[in-house]
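The lines below spell out each chain.
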Amino acid sequence: MKQTEIKRCCASCRHKQIMESGARMCGVMGHVVKKKFKCRHWLLSVELKQWLEATSNNQYNQNKL
């Protein structure tokens, strides 16, 4: 089974906010950041966590057949 690698950066962070201008802002620090910005407040986004769980469950079920 192939493992999925998630980079710990703003693009995958739960605290990421997208402003009306399209810029990214850190919801914890209140700073405008780039998508590859990395800080100690990083948490996996809810959407990515759900996707990983669904993917791993699906792979498990396919291996079981």
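As the structure is a prediction and not an experimental result, all values here were calculated from the model. (Residues numbered from 1 in each chain as written. Predicted model: local features only at pLDDT ≥ 70, side-chain atom pairs only at ≥ 80, totals over all residues. Heavy atoms only, no water.)

Draft legend 1. The arrangement of the overall build of the chain in detail. Secondary structure summary: the chain contains one helix and three strands in total. Element order for the chain, N to C, with α for helix and β for strand: β-β-β-α. For the chain, contacts bridging at least 24 residues in sequence account for 52% of all contacts bridging at least 6. (Helix = DSSP H or I, 4+ residues; strand = E, 2+ residues; numbered from the N terminus. Contact = heavy atoms within 4.5 Å.)

Draft legend 2. Looking closely at the environment of His 15. One can find His 15 in the segment before strand E1 (16-18). Dropping the residues within four chain positions of it, His 15 is found in contact with Met 25, Cys 26, Gly 27, Val 28, His 41 and Leu 43.

Draft legend 3. Region of the structure containing the confidence of the model for the chain. Taken over all residues, the pLDDT of the chain has a mean of 84, while the share at 70 or more is 85%. In this model, residues 60-65 is a region of pLDDT below 50 whose contacts with residues beyond four sequence positions or in other chains number zero contacts. (pLDDT = per-residue confidence, 0-100.)

Draft legend 4. Structural detail: the sheet that holds E1. What the three strands build is an open sheet, ordered E1-E2-E3; its pairing is antiparallel. Only two strands of the sheet have a single partner each, and these edge strands are E1 and strand E3 (32-33). (Pairing = 2+ DSSP bridges.)

Draft legend 5. Focus on the environment of Val 33. Within the element layout of this structure, Val 33 appears in strand E3. Along the chain, Val 33 and Ala 11 lie 22 residues apart, while their C-alpha atoms are 10.0 Å from each other. Once residues lying within four places of it in the same chain are set aside, the contact partners of Val 33 are Cys 10, Arg 24, Met 25 and Cys 26.

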